[in-house]
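Secondary and tertiary structure notes
Below are the chains, spelled out letter by letter.
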Amino acid sequence: DWWTELGESLLAQNAPDKVVAQLTPIVPKLQGDAPVRVVLGAAQLATDQPELAVKTLDEAEAITTTPRSKKLLGQALVTVAANKLAANDPAAAELLLVRLQVGLVRGDRRRITDDADLRAVQAHAAKAVDRGAQRVDLELEHLHRLRDLVPLALGLGLAVREVGLG
């Protein structure tokens, strides 16, 4: 795609600000184009716009998943989480890190199925609806159990090493 190549070329020239300026107005018109969203997300991340990068890379992941989009989305989530921690908002940071952790161990559901009360989470996982995910509401007790089963320290350690913040 021409727009993707333009963005990649500008990224290679170390001009992520130009990528953001060129692609931001175009991307909404290019529905179903994941590669251009990945390029825009990379540029947004490089121009210190991690929240926008998360949104853009989420859109790309909803269309199709690639190793590059997963890596960039992980970097964006960790950056936003670090910003939330710096702003003294640990609850928001925890949500982002749980999301990152669940994304990293998505295929490994043993941690959830070990708990009989949480098997319903696996059995009734969120399903894609119009390229989005259905909202899953859990009772508070189940949320606490799920939180205890997701090892945030491991996820944060992996994320920090991947992004190079440590």
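In this text the structure is predicted, and so the values were computed from the model without any measurement.

What the rule picks out here adds up to one aromatic pair. Seen from their ring centres, tryptophan 2 and tryptophan 3 are 4.8 Å apart, and the 85 degrees between their planes marks the pair as edge-to-face. Assessed through its relative accessible area of 57%, tryptophan 2 is described here as exposed. Accessibility expressed as a relative area gives 23% for tryptophan 3, which makes it partly exposed.

Relative to the elements of secondary structure, arginine 99 occurs in helix H6 (residues 90-104). For the pair formed by arginine 99 and glycine 74, sequence separation is 25 residues and the distance between their alpha carbons is 9.5 Å. If near-sequence neighbours (up to four positions away) are discounted, arginine 99 is found in contact with Val54, Asp58, Leu73 and Leu77.

Core analysis: the largest hydrophobic core is formed by 19 residues, its most contacted members being Val54, Leu57, Leu72, Ala76 and Leu77. Those elements that place two or more of their residues in this core are helix H3 (34-46), helix H4 (50-63), helix H5 (67-86) and H6. Per-element tally for this core: the top contributor is H5, with seven residues. Among all residues touching alanine 76, those that are not within four sequence positions of it are Leu45, Pro50, Ala53, Val54 and Leu57. Formed by nine residues, the second largest nonpolar core is a distinct cluster that contains Val19, Val20, Leu40 and Ala43.

Further remarks concern unusual backbone geometry. Even without a glycine there, the phi angle at asparagine 14 is positive, about 60 degrees. Relative to the helices and strands, asparagine 14 resides in the loop between helix H1 (2-12) and helix H2 (16-23). Positive phi values are uncommon outside glycine, yet asparagine 88 reaches one of about 60 degrees. Summarising the element assignment, asparagine 88 is placed in the loop between H5 and H6.

Given 3.6 residues to a turn, an α-helix orients residues that are three or four positions apart in the same direction. Within the span of H1, buried status applies to Thr4, Gly7 and Leu10. Burial along H1 is one-sided: seen end-on, the buried residues are contained in an arc of 130 degrees. Those residues of H1 that are exposed and aimed more than 90 degrees away from the buried face are Trp2, Glu5 and Ala12. Tucked into the core, H1 has its buried residues touching H2 and H3. Looking one or two places after H1, you find asparagine 14, whose phi comes out positive at around 60 degrees.

This part takes up the side chain of aspartate 33. Relative to the helices and strands, aspartate 33 resides in the loop between H2 and H3. One buried charged side chain, aspartate 33, makes no salt bridge at all; its nearest oppositely charged neighbour is arginine 37, positioned 5.6 Å away. When sequence neighbours within four positions are dropped, the list of residues in contact with aspartate 33 reads Asp1, Thr4 and Ile63.

Cut-offs and rules
Residues numbered from 1 in each chain as written. Predicted model: local features only at pLDDT ≥ 70, side-chain atom pairs only at ≥ 80, totals over all residues. Heavy atoms only, no water. Phe/Tyr/Trp six-rings, centres within 6.5 Å; stacked < 30°, edge-to-face > 60°. Buried < 20%, exposed > 50% of the residue type's maximum accessible area, 1.4 Å probe, protein only. Helix = DSSP H or I, 4+ residues; strand = E, 2+ residues; numbered from the N terminus. Contact = heavy atoms within 4.5 Å. Core = buried A, V, L, I, M, F, W, Y, C linked by side-chain atoms within 4.5 Å. Arc of directions from axis to C-beta. Lys, Arg positive; Asp, Glu negative; His and termini not counted. Salt bridge = Lys/Arg side-chain N within 4 Å of Asp/Glu carboxyl O.

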